[in-house]
Amino acid sequence: MEAETGIIENANGSARFKIGKTEAIAAVYGPSEVKPKHLEKVDRGIILCKYDMMPFSVPDRAKPGIDRRDMEIGEVITNALNRAVLLEEMPRSMIAVNVYVSQADAGTRCASLTAASMACADAGLPMRDLVASVAGGKIGDSICLDLTKEEEDFHEAAATDVPMGFLPSKNEIVLLQLDGKVTREDLRKIIEIGKMGAARIYELEKKALKRRFLNESKT
Ligand code: UDP
């Protein structure tokens, strides 16, 4: 895994997160005036997130532009960030989050969410916690963490994919999706292994942010 922040000069906050062969880059703009105006909330800020896969992120060339899958992923990232960012502290404002997947080998929504949360922190937004996100699952009889595309598509063993996002210091789950079938007991095990993975990601996120702010304070 690799994590770094402050990678895009022209954004208020930015980050890159790589896990295996999946890599996401996030840029955060704001808080700024809400556009379009009708989305404005008098008592809190709003987050608008766009997720996109770069054409060269997959062997088949991803079609440019936002499709239904991209919209859904943008929504789940927004929902998770809504729990992490203290939006009540910035009424009538908007935070734009743009996430681009530069390399995809499954788990892109999780890598994107982790990158987006680091970019929010890099932008100096008030937050309850960082989000650490990873997908778990089941391949045959094995409970696994961070499935690859090949593992996800392993139909003979009826693979199950469970993207998860955590606020580690609050012990809260902010993203939980399920693709496939799973028993209640196995889901519990997948969430446990997800929490363990998220704890490692969380440490990496904090290290990346500390590195950036220590360097900045030296200059
Ligand atoms: N994928 C692809 N082309 C697409 C969309 C997805 O090759 O247009 C691949 C990519 O590797 C992605 C994986 O399918 O990571 C799984 O996609 P899914 O929708 O399950 O979301 P993700 O696991 O990336 O969050």
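Structure first, text after, so check above.
Residues numbered from 1 in each chain as written. Predicted model: local features only at pLDDT ≥ 70, side-chain atom pairs only at ≥ 80, totals over all residues. Heavy atoms only, no water.

Engineer: So what exactly am I meant to see when it comes to the site of the ligand here?
Structural biologist: Lining the immediate environment of the ligand, one finds M53, V58, R69, A104, D105, A106, G107, T108, R109, K149 and E152. In this structure, R69 approaches the ligand through a side-chain N or O atom, which is 2.6 Å from an oxygen atom. G107 is positioned with one of its backbone polar atoms (N or O) 2.9 Å from an oxygen atom of the ligand. When isolated, the ligand has an accessible area of 510 Å², and the protein chains bury 76% of it. If you map the ligand onto the pockets, it falls in the largest pocket. Of all elements in the fold, only α2 (108-122) and α3 (149-152) reach the threshold of two or more residues within the shell around the ligand. Considered class by class, the residues forming the shell around the ligand number four nonpolar, two polar and five charged. (Near = heavy atom within 4 Å. Polar contact = N/O pair within 3.5 Å; in protein donor to acceptor, adjacent residues only side chain to side chain. Areas by Shrake-Rupley, 256 points an atom, 1.4 Å probe, with all protein chains shown as cover. 1 Å grid on protein atoms, 1.4 Å probe; cavity = no way out; pocket = protein on both sides within 12 Å on 5 of 7 lines; lining within 4 Å. Sits in = over half its atoms within 2 Å of the grid points. Helix = DSSP H or I, 4+ residues; strand = E, 2+ residues; numbered from the N terminus. Nonpolar A, V, L, I, M, F, W, Y, C, P; charged D, E, K, R; others polar.)

Engineer: What am I meant to see in the side chain of D70 here?
Structural biologist: By the element assignment, D70 lies in helix α1 (residues 68-84). In this structure D70 touches Y51, D52 and G65, once residues within four positions along its chain are discounted. (Contact = heavy atoms within 4.5 Å.)

Engineer: Would you take a moment to explain the sheet that holds strand β1 (residues 2-5) for this structure?
Structural biologist: The strand order β1-β2-β3-β5-β4 describes an open sheet built from five strands, whose pairing is mixed. Pairing within the sheet leaves two strands with one partner each, and these edge strands are β1 and β4 (46-53). Averaged over all pairs of adjacent strands, the angle between strand axes in this sheet comes to 15°, irrespective of strand direction. For β4 and strand β5 (residues 93-103), the ladder comprises eight bridges, and the chain directions are parallel. Bridge pairing in β5 links C49 to V97. Its contacts with the sheet put α1 on β4 and β5, and the angle it makes with β4 is roughly 140°. Each of β1, β2 (13-19), β3 (22-33), β4 and β5 is contacted by α2, which is oriented at about 150° to β2, the strand it contacts most. (Pairing = 2+ DSSP bridges. Axes fitted to C-alpha atoms, helices over the stretch in contact; angles between N-to-C directions.)

Interpretation note: all reported values are geometric properties and have no functional meaning in isolation.
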